[in-house]
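Structural overview for review
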Amino acid sequence: QVQLVESGGGLEQPGGSLRLSCAASGITFSMYTMGWYRQAPGKQRELVAHITSGGNTNYADSVKGRFTIARNNAKNTVYLQTNSLKPEDTAVYYCNANLDRLVYWGQGTQVTVSS
C-alpha cells in the first residue's frame, strides 16, 4: 500500500518560512521523481518543484530563488523549504511520486500566508 504523508504546513506571516516534509512508504523511493504541487482556492493544481531520482531539480518561476526541494533517500522523504513566503503562496500543498505510468499523491497540507 502506497502512502505519501505530508507535514509541516501551517499559518505563517509574509516573509516567513516553512519546511514541508513528505514521507513515502510502499514504493522504491529512490527510483521515483518526487514533486510538490499546490492548489489555491478556485485555481488549478500547479507544479511547484520536482526532483528526479538523479537529483535534478525544476521549479516554477513564481518560487525560484525562494523555495528549495531536496530528498533523503535513506529516510524515504522529500522536503520543500519555503522562504520569503508571500500571501499568493497560500494553497494546499500536495506531494507527488511519479515513475513512468505510476503516479501517487498525498492528502495535502495547508499553507496559509497572512499577517
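Here, the structure is the one placed above.
Here is a short report on the structure shown in this document. None of these values were measured; they are calculated from a predicted model.

**Here we look at the side chain of T77**
By secondary structure assignment, the location of T77 is in strand β8 (residues 77-82). Within the local environment of T77, its side chain forms a polar contact with the backbone oxygen of K75, the two atoms lying 2.8 Å apart. Excluding anything up to four places from it in sequence, T77 contacts S21, C22, A23, F29, A70, R71 and N72.

**Re the nonpolar core**
Where a protein is soluble and globular, its nonpolar side chains tend to be buried together. Membership of the largest hydrophobic core comes to 28 residues, with the highest contact counts inside it found for M34, W36, V48, I69, V78, L80 and Y93. For this core, the secondary structure elements donating two or more residues are β3 (18-25), β4 (33-39), β5 (46-51), β7 (67-72), β8, β9 (91-99) and β11 (109-113). In this view, I69 contacts M34, G35, W36, A49, H50, I51, T57, Y59, V78, Y79 and L80; residues no more than four positions away in its chain are not counted.

**Some words on the side chain of R66**
Take R66: it is sitting in the loop between β6 (57-59) and β7. At 3.0 Å, the side chain of R66 and the backbone oxygen of S84 are in polar contact. In this view, R66 contacts Q81, T82, N83, S84, L85, K86 and D89; residues no more than four positions away in its chain are not counted.

**Description of the state of the cysteines**
Taken as a whole and assessed by the stated rule, the structure comprises one disulfide. In this model, C22 is linked to C95 through a disulfide, with the two sulfur atoms separated by 2.1 Å. Judged by the torsion about the S-S bond (-80°), the C22/C95 disulfide is left-handed. Taken together, the residues C22 in strand β3 and C95 in strand β9 connect sequence positions 73 residues apart. The burial state of C22 is the same as that of C95; both residues are buried.

**Digging into the packing of aromatic side chains**
Each aromatic ring pair is summarised here by two numbers: the centre-to-centre distance and the angle between the ring planes. Taken as a whole, this structure holds two aromatic pairs when the rule is applied. Seen in terms of ring centroids, Y32 and Y104 are 6.3 Å apart; in terms of plane orientation they differ by 45°. Their pairing is tilted. Here Y32, found in the loop between β3 and β4, pairs with Y104, found in strand β10 (residues 102-105); they are 72 residues apart in sequence, far enough to count as distant. Residue classification places Y32 among the buried residues on the basis of a relative accessible area of 4%. For Y104, a relative accessible area of 25% puts it in the partly exposed group. Ring plane angle 70° and centroid distance 5.0 Å describe the contact between Y37 and W105, whose orientation is recorded as edge-to-face. Of the two residues, Y37 sits in strand β4 while W105 sits in strand β10, which places them 68 residues apart along the sequence. Exposure remark for Y37: the relative accessible area of 22% places this residue in the partly exposed category. When the ring centre of Y79 is taken as origin, the NZ or CZ atom of R19, which lies over that ring, is 4.0 Å away. Positioned over the ring face of F29 is R71, at 4.7 Å from the centre of the ring.

**Quick word on the pairing of β10**
Here β9 runs beside β10; their pairing, made up of four bridges, is antiparallel. Pairing of L99 across the sheet is with L102, part of β10. Joining the antiparallel neighbours β9 and β10 is a turn of two residues, in which D100 adopts a positive phi near 55°.

Cut-offs used in this document
Residues numbered from 1 in each chain as written. Predicted model: local features only at pLDDT ≥ 70, side-chain atom pairs only at ≥ 80, totals over all residues. Heavy atoms only, no water. Helix = DSSP H or I, 4+ residues; strand = E, 2+ residues; numbered from the N terminus. Polar contact = N/O pair within 3.5 Å; in protein donor to acceptor, adjacent residues only side chain to side chain. Contact = heavy atoms within 4.5 Å. Core = buried A, V, L, I, M, F, W, Y, C linked by side-chain atoms within 4.5 Å. Buried < 20%, exposed > 50% of the residue type's maximum accessible area, 1.4 Å probe, protein only. Disulfide = S-S within 2.5 Å. Phe/Tyr/Trp six-rings, centres within 6.5 Å; stacked < 30°, edge-to-face > 60°. Lys NZ or Arg CZ within 6 Å of the ring centre and 35° of its normal. Pairing = 2+ DSSP bridges.

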